[in-house]
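Chains, contacts and geometry: an overview
Letter by letter, the chains look like this.
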Amino acid sequence: SAEETFSTYRSVRLTQPLPPSIAAKQRLLDSLVVGYRRAVDLGVPEWAHAATYRIGEALVAFGEALENSERPADLTGDDLKGYENVLLEQAMNFHSQGESVWSDLLRRTKGAAADPWTARTRNALWSRLGDRFLFLAEGEVPLVEDPAARPAPRAKEAKP
């Protein structure tokens, strides 16, 4: 099952030479996504939410693996910085994909914490977004509405 493979997937480090290492981790990611999609397709809401959370988590973990991958020993200075910039760009693609999966889940569930997995999804997504915008000036931070925090509509007062 995908859940049994997840811890193995998380533990695989990206080492030099990077291309075969990335390919091996990508195969594990693909296998995880297929397994988790099967759980989503069963139609049991809590399982679907858990599997969707894990898909997002696996994508984010791939981005983190790229960021923390082993660097070539012979690169220094500007060459190393350029190499790291390429890795960061690739990592951001995986981070964005994972965040998008989580956002879609929250949109489908209307942000309600109906089960622990949607609550976990909301916490993971908002934590990532909060970290990203922590040092921006207030005017540069995009506003994200929490539908669950929306106040209940007030009853209209009768006119005398």
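Numbers given for residues are sequential positions, taken from 1 along each chain in its written order. Whole-chain, interface and lining totals are the exception, using all residues; otherwise, since this is a predicted model, local features are given only for residues with pLDDT of at least 70 and side-chain atom pairs are given and counted only at 80 or more. Working from all heavy atoms in the structure, the side-chain values ignore hydrogens and water.

Helix and strand definitions follow DSSP, with helices as H or I runs of at least four residues and strands as E runs of at least two, each counted in order from the N terminus. Regarding its fold elements, the protein chain presents 5 helices and 0 strands. What you see in the protein chain, going N to C, is helices and strands ordered as α-α-α-α-α. Throughout, exposure labels follow a simple rule: accessible area from a 1.4 Å probe, protein chains only, divided by the maximum for the residue type, with under 20% read as buried, over 50% as exposed, and the rest as partly exposed. Relative to its full complement of 160 residues, the protein chain shows a buried share of 34%. At a minimum sequence separation of 6, the contacts of the protein chain that also span at least 24 residues come to 65%. Taken as a whole, the protein chain presents about 10,400 Å² of accessible surface, with 56% of it coming from carbon and sulfur. In what follows, residue pairs with any heavy atoms lying within 4.5 Å of each other are defined as contacts. Accessible surface is estimated by sampling points in the Shrake-Rupley manner with a 1.4 Å probe; for residues, cover comes only from the protein chains shown.

Expected helix span is taken as 1.5 Å per residue step, with the number of steps being one fewer than the number of residues. Its 23 residues place the ends of helix α3 (residues 45-67) 33 Å apart at the C-alpha level, agreeing with the 33 Å of an ideal helix rising 1.5 Å per residue. Of all 23 residues in α3, 18 are buried; the element is thus mostly enclosed.

The next subject is the nonpolar core. We define the nonpolar core as a collection of buried residues of types Ala, Val, Leu, Ile, Met, Phe, Trp, Tyr and Cys that are connected through side-chain atoms lying within 4.5 Å of one another. Membership of the largest hydrophobic core comes to 23 residues, with the highest contact counts inside it found for Y9, L29, L32, Y36 and L66. Elements with a minimum of two residues in this core: α1 (2-11), α2 (18-41), α3 and α4 (77-108). Per element, the largest residue contribution to this core is 8 residues, and it comes from α3. Non-local contacts of L66, meaning those with residues more than four positions away in its chain, are made with L14, I22, R71, L87, Q90, A91 and F94. The next biggest cluster of nonpolar side chains, apart from the first, holds 8 residues, and it includes A50, V60, W117 and L125.

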